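Remarks on the overall topology
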Amino acid sequence: MFAAKKGDTLCVFINGKKVTEDHADPETMLLSFLRENLRLTGTKSGCGGGGCGACTVMVSRYRPTTKTIFHYSANACLLPLCQLHGAAITTVEGIGNSKTRIHPVQERIAKAHGSQCGFCTPGMVMSMYALLRNKPWPTMEDITQALAGNLCRCTGYRPIVDGCRSFCQESSCCQSNGDEKTTETKHEKPRLFDQEEFLPLDPTQDLIFPPELILMAETANQQTLTFCGERSTWVSPASLEELVQLKIRHPTAPLVMGNTNTGPDMKFKGVLHPLIISPSRVPELFEVSLTPRGVWVGAGCSLSEVRCLLEKLLLEFPEEETELFRALIQQLGNLGSQQIRNVASLGGNVVSAYPNSDLNPVLAAGNGRVSVVSGGGRREVPLDQDFFVGFGKTLLEPEEVVVSVFIPFTRKGEFVRALRHAPRKEASFATVTTGMRVCFSEGSRVVQDISIYYGGMGPTTVSATKTCKAIVGRPWDEGTLSQAYNVLLDELVLPPSAPGGKVDFRRSLTLSLLFKFNLEVLQKLKEMVKPVIYVAFIAICRVDPTVFFFFFFFFQNVIPDELPEKLLPLPGDIQPSLQEFQPVSDSQSVHDPVGRPMMHRSAVSHATGEAIYCDDMPRTDGELFLVLVTSSRALAKIINLDVSAAMQLPGVVDVITAKDIPGKKERAMFGYSEELLAENKVSCIGQMVCAVVADSKAHAKRGAAAVKITYEDLPDPIFTIQDAIEKSSFYEPLREIERGDVAGAFSHVDQIYEGGIQIGGQEHFYMETQSMLVVPVGEETEFNVYISTQWPTLTQDAVAETLDIPSNRVTCHVKRMGGAFGGKVIKTSILASITSVAAWKTKRPVRCILERGEDMLITGGRHPVLAKYKVGFLNDGRIIAADFQYYLNAGCAVDESVLVAEKILLHIDSAYSIPNLRGRAAACRTNLPSNGAFRGFGVPQGLLVVENMINDVALVLGRPADQIREANMYTGPSATHYRMEFSPENMLRCWEDCKVRSDYNARRRAVHQFNQHHRWKKRGLSIIPIKYGVAFAESFLNQAAALVHVYKDGSVLVSHGGTEMGQGIHTKMQQVASRELHIPSSKIYISETSTSTVPNTCPSAASFGTDANGMAVKNACETLYQRLKPIREKNPKGSWETWVRAAFFEKISLSATGYHRGPDLYMDWDKMEGQPYAYFVFGVCCSEVELDCLTGDYRTVRTDIVVDIGRSVNPSVDIGQVEGAFMQGLGLYTLEELKFSPSGLLYTRGPSQYKIPAICDVPLRLNVYLLPNSHNPHAIYSSKGIGEPVLFLGSSVFFAIKDAAAAARSESGLIGPFSLDSPATPEKACLACASPFIQKIPASEPGSFKPWALNI
Ligand SMILES: Cc1cc2nc3c(=O)[nH]c(=O)nc-3n(C[C@H](O)[C@H](O)[C@H](O)COP(=O)(O)OP(=O)(O)OC[C@H]3O[C@@H](n4cnc5c(N)ncnc54)[C@H](O)[C@@H]3O)c2cc1C
Ligand code: FES
Ligand code: FES
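Keep in mind that what you see is a predicted model, and the values were worked out from it rather than measured.

Within the chain one finds 41 helices and 50 strands. Here the C-alpha atoms of the chain give a radius of gyration of 32 Å, agreeing with the 34 Å that 2.2 N^0.38 yields for 1352 residues. Summarising its shape, the C-alpha atoms of the chain cover approximately 105 × 85 × 70 Å along the three principal directions. Taking the intrachain contacts of the chain between residues at least 6 apart in sequence as the baseline, contacts between residues at least 24 apart amount to 78%. For the chain, the exposed area adds up to about 47,700 Å²; of that, 53% sits on carbon and sulfur atoms.

Burial within strand β48 (residues 1175-1188) is extensive, with 14 of its 14 residues counted as buried. Every second residue of β48 is oriented toward a common face, with Tyr 1175, Val 1177, Gly 1179, Cys 1181, Ser 1183, Val 1185 and Leu 1187 on one face and Phe 1176, Phe 1178, Val 1180, Cys 1182, Glu 1184, Glu 1186 and Asp 1188 on the other, all of them buried. Of the pairings in the sheet, the one linking strand β40 (residues 1017-1030) to β48 comprises 14 bridges and is antiparallel in character. Paired with Lys 1018 across the two strands is Leu 1187, which belongs to β48. With ten bridges joining them, β48 and strand β49 (residues 1194-1204) adopt antiparallel strand pairing. The residue bridging Val 1180 from the neighbouring strand is Val 1202, located in β49. If you look at the hairpin formed by β48 and β49, you'll find five residues sitting between the two strands, and Gly 1192 has a positive phi there, around 80°.

Time to look at the environment of Lys 708. If you trace the backbone, Lys 708 turns up in strand β28 (residues 708-713). As for Lys 708 and Asn 968, which are separated by 260 residues in sequence, their C-alpha atoms are 60 Å apart. Residue contacts for Lys 708: discarding those within four places in its chain leaves Asn 640, Leu 641, Asp 642 and Ala 645.

Turning our eyes to something else, we now look at helix α30 (residues 939-957). In this model, α30 (19 residues) spans 27 Å end to end at C-alpha, consistent with the 27 Å of a helix rising 1.5 Å per residue. Of the residues flanking the end of α30, it is Gly 958, one or two places downstream, whose phi is positive at about 65°.

What follows is about helix α5 (residues 140-147). By the criterion of burial, α5 is predominantly enclosed, with seven of the eight residues buried. For α5, the full list of buried residues reads Met 140, Asp 142, Ile 143, Thr 144, Gln 145, Ala 146 and Leu 147. At its buried positions, α5 is contacted by α4 (121-134), α6 (158-165), α11 (303-316), α12 (323-334) and α13 (338-343).

A word on the site of ligand 1. Inspection of the region around ligand 1 gives 30 residues, with Met 257, Gly 258, Thr 260, Ser 345 and Asp 358 positioned closest. Residue Ser 345 places a side-chain N or O atom 2.6 Å away from an oxygen atom belonging to ligand 1. For ligand 1, the protein covers 92% of the area, taking 980 Å² as the surface of the free molecule. Among the elements that line the shell around ligand 1, the one with the most residues is helix α14 (residues 346-352), at four residues. Of the residues assigned to the shell around ligand 1, the class counts are 13 nonpolar, 14 polar and three charged.

What counts and what doesn't
- Numbers given to residues run from 1 along each chain, matching the order in which its sequence is written.
- For this description, chains carry letters from A and ligands carry numbers from 1, given in the order in which they are written.
- Since the coordinates come from a predicted model, pLDDT governs what is reported: local features require at least 70, and pairs of side-chain atoms require 80 or more to be given and counted, while whole-chain, interface and lining totals use all residues.
- Excluding hydrogens and water, the side-chain figures rest on all heavy atoms present in the structure.
- Strands are runs of DSSP state E lasting at least 2 residues, helices are runs of H or I lasting at least 4, and numbering of each runs from the N terminus.
- C-alpha atoms define the radius of gyration, and 2.2 Å times the number of residues to the power 0.38 defines the globule rule.
- The contact criterion used is simple: two residues touch if any of their non-hydrogen atoms lie within 4.5 Å.
- Only the protein chains shown count as cover for residues, with accessible areas throughout obtained via the Shrake-Rupley method and a probe of 1.4 Å.
- For the exposure calls, accessible area comes from a 1.4 Å probe over protein chains only, and a residue counts as buried if that area is under 20% of its type's maximum, exposed if over 50%, partly exposed in between.
- Any two strands are treated as partners once DSSP identifies two or more bridges connecting them.
- Multiply 1.5 Å by the residue count of a helix minus one, and that product is the helix's expected span.
- Throughout, near means a residue has at least one heavy atom within 4 Å of the molecule or strand.
- Pairs of N or O atoms are called polar contacts if they sit within 3.5 Å, as long as, within protein, a hydrogen donor faces a hydrogen acceptor (for residues adjacent in sequence, only side-chain-to-side-chain pairs).
- When residues are sorted by character, Ala, Val, Leu, Ile, Met, Phe, Trp, Tyr, Cys and Pro go into the nonpolar class, Asp, Glu, Lys and Arg into the charged class, and all the rest, Gly among them, into the polar class.

Here's what the structure looks like:
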């Protein structure tokens, strides 16, 4: 153990204020210090592992050697407080606020409608702010790079990009939708925001770097710094000598630089380091020295610094000498996020020896080496195959310190390339990554030397030595390479159950990346060889003209001319896009905000970090923190629960088990019951068993880790849908619906096709995890529950039942949620019930904030679906009969699965009139965490199946799918398969409009042309309609209430039953109240949703929130306005304030409730008919993608959406919903993959493993048009609900990928229907393309191995 002296005092400046800390704990990260110690809660926690960017801050430091100040963005969740001695930190609170002055970045993101739930907004603001501090006139590329590591689950990024784009100087940048500068359009079309209002960027307003820190750095003492924490000590030596001595004494202590490897290990794997060494003050680790053979770069340099250095050297040295530099720059542009690269060190990356490190294969291929020092002296070690000895292990001795890394120059004829493929283009570890170097002598094609290294192909960076041997000494040509592919295939073999899965895909990637390298080398050779041969050619032709034909052949065949096309990367520039909506009528009062784009009422608070979410609430006296203990077995008896060790730990106050629950221990649904805490048996990994409460989160976590549960495994857990079908493991009732005579109709058709598709689940990934604080009031068992839920009443009921107290003792308060998407209803009420038991038992406030990993493990998500269908159709494309069978993986509790199954069946007609139609759906009971509501409630899965069937019909008939869609669409007065009448007119208008706006027919031809000229890249186009039913089929849920108070000063407080989760419901309610009371919306305030102001509310769900609550608010306001009528008549010229005051003195009540009794909807499943929806939302979406058939990488080049939402109450909010839902759908269908182990453990428990769309996934053009002249008599002000429907339109990208894959397959002679399951990840898309490389991979015998992940 380190002989610790009394710790030093840490000094850091935060937002210009000096903060000193005598007890800086090495285990404390800046994020918790900011939030818990300094109460700076603007910086958010979304994942805790560097993967989401919600915690972004700016770090500034002074460098005495160059006397410069430098600024960089960083993830506060991975920044150890102790590392920040001498640094200045700027958080979102430090750059502007609503009271004094907001910063232009905050203003522009807010006014461009770049915030919805606002949870990601402070992080976005800070990433952009840090960029502007370094580069006040950024390019679009700078902006997309800066924001690549910031996730947003709500907006779809387009409005954030538009707000940030306004800082660019590029010519096209000002043409964003917000502010089209063309005189023609400027006054014709309404705009979402006005760029002219924006504050100019004024760097003089920025905080200055604290002079005290400059002085401190200039006079830095050479003393060791030590910080002592509860369990760990931090030592920061000031010299290399001292560092070496420390390492001799403590060889196993980690050297923490960026903490991007050590930090996650400590946090997520519970690794404890009693001593941590921070070499960040050792100058040698930051030195750069140039030699004639290359450059030595200090191992402590951050990856961003390395990139800057290499970019600078590119300008100073000839191109041929900097091949390796360029390859590294290429990798550094894609590695992690900007925030990660700004702190992660070069040495840290090398020594961490990740199997898929992006740098190591390139450094190894390029003959890099490291210089290491230890007690035994210095040595240089080559970075070659011997260096990487195992997972995360190198051949270095534990006490050795890497001082610098050598990056050699290349020579003429030497080419180095880095190629990688990742599940998401940015901020994602690579699936396979490679560094390849080949060396030719001048003018020759014969390979002198070659080295090829891969990452992602085993536990270490691996060398393809045999492949290299097969190439060296031979000419670089078709023959050599085709042999090399075969050798490579044998050399880099992955067992079928290799960790990480994707075995066939990874193997094929090794080949296709080598093929890509081949193309690049051929290109280079062409440049290199041509001039030499050309000189010879001219000379020889002069002597013997017949030689001409030989050279002609050489140029045309050996190094073909069409090469450059194949090397082009996928397009990547995000273009300005269009958002069109209908203006309000000229006769509408300018004070009436309804129908106008109005900024989210909390947008400025979001952007300044002032918005309060549940975990931002100040700690209350005696507050405890609750951490759940979950099952590690999928199906087992609980034999023993031993909490004794946990109870001994510091800070632990209690452990809550099922026995502690005073009231109902279970919640019932559809005749099934779900235990709040498992007592005797567990049915999935992640099921809650007990909960530890302690005086801090850290203590509660340690307590939870110490709880010992003994299990006895039960036989035959069921995980997959296939298993469930075999064992008939279903939740009752199984549903069925039929119209016409399906069986009979199949005998009257031209063709029958049977197909199917599997659709993966989806994690909600709301940026704010499940959060709640239960506060006992202290008398008469009264509780205040502050919670992030979509349905406060359900939580109130659940807490009351659990504690066995009346509902009138429980008040639920919901200020706002950081996103919900259906995931904050049922599970939230269960979590609140458990937390309330802890508060009740300990009589103290208890806070429960799930970590991202826990949230993903426990709460479930969208149902995976397996569907089969049989379709009968005529040769002209008309579908006569269709029969669907759906199976949902519901998990271990029924939750809302039966309702989800029902909603799927109610949408199987989609936009089509199929005379004979049948659907059956079964919710499968499995031993996985239970799935439930998720935006769209099953419709996104259900409709994908229908559209896939249509696609199959098109492929069978060899016709474009849009023609089959058109041939079957509803026309004229129509009735659904459950006999609900409706008019499809607006759907058909959307269809036509979308075809025109997207220039569909011309682009279809252009796509065909493109595909004819490209072998390895294909384009795909698709156009998809939707008809989506709005409101609850469970009629009682179609009601809402509101309470409106007018105070004597004229200010108005509106309360209603809807909850704000980013969808802008409070903004819309403010608009409604403003119109009805005839007052500016600035006089209206909405504080929260509370069960004490509006009781018995319904969930904010089913896209029905605005419809129902809007009517209730309207009703209350009408009552109040009516009450003021006599006063107004008496004093018609008076102001609102005078009327209100007069009314008070005349004893007129200034408070009113409003109520809306919604439509009486129903569905009779026995009769198979009903009126389950109030109306339909229609929309059509056209998307085009470009697909790299060698890697499955794709980019959506353009998307056009036309959607009918009646008359929008707030076009900016509604367009935000459309874009956000579309992007969530794009994630569902093309990106997001849940992976479960064969024992039922969810692997994907954070943003590092589970990829939601990031800024790199936004279509390069995303145009949204709200259908004009649409009216809806069924909802407020003729509007329509829009939260859910558009999610399905993300499937247009899926079908565009499928279209591109079909084009690729046709090159190999594969025509007709083929299987592509959802999500169409690069892996699946690539396999579907059936390239020659894919075909080379021998298929593993199914059943002969245990796959790494289950196909659930
Ligand atoms: C969200 C996220 C995304 C990422 N994406 C990628 C990616 O796409 N590609 C990729 O390649 N990497 C990626 N990484 C990994 C990242 O690049 C490495 O974690 C990082 O480079 C390690 O450097 P560090 O300074 O943070 O190391 P630290 O965490 O500080 O230290 C890591 C280890 O290295 C040792 N060490 C550090 N410096 C030295 C030294 N000078 N001498 C001897 N030992 C030393 C330490 O003892 C410790 O064991 C990602 C990481 C995160 C968190
Ligand atoms: S919370 Fe820090 S990156 Fe997610
Ligand atoms: S606004 Fe970005 S996550 Fe909600």
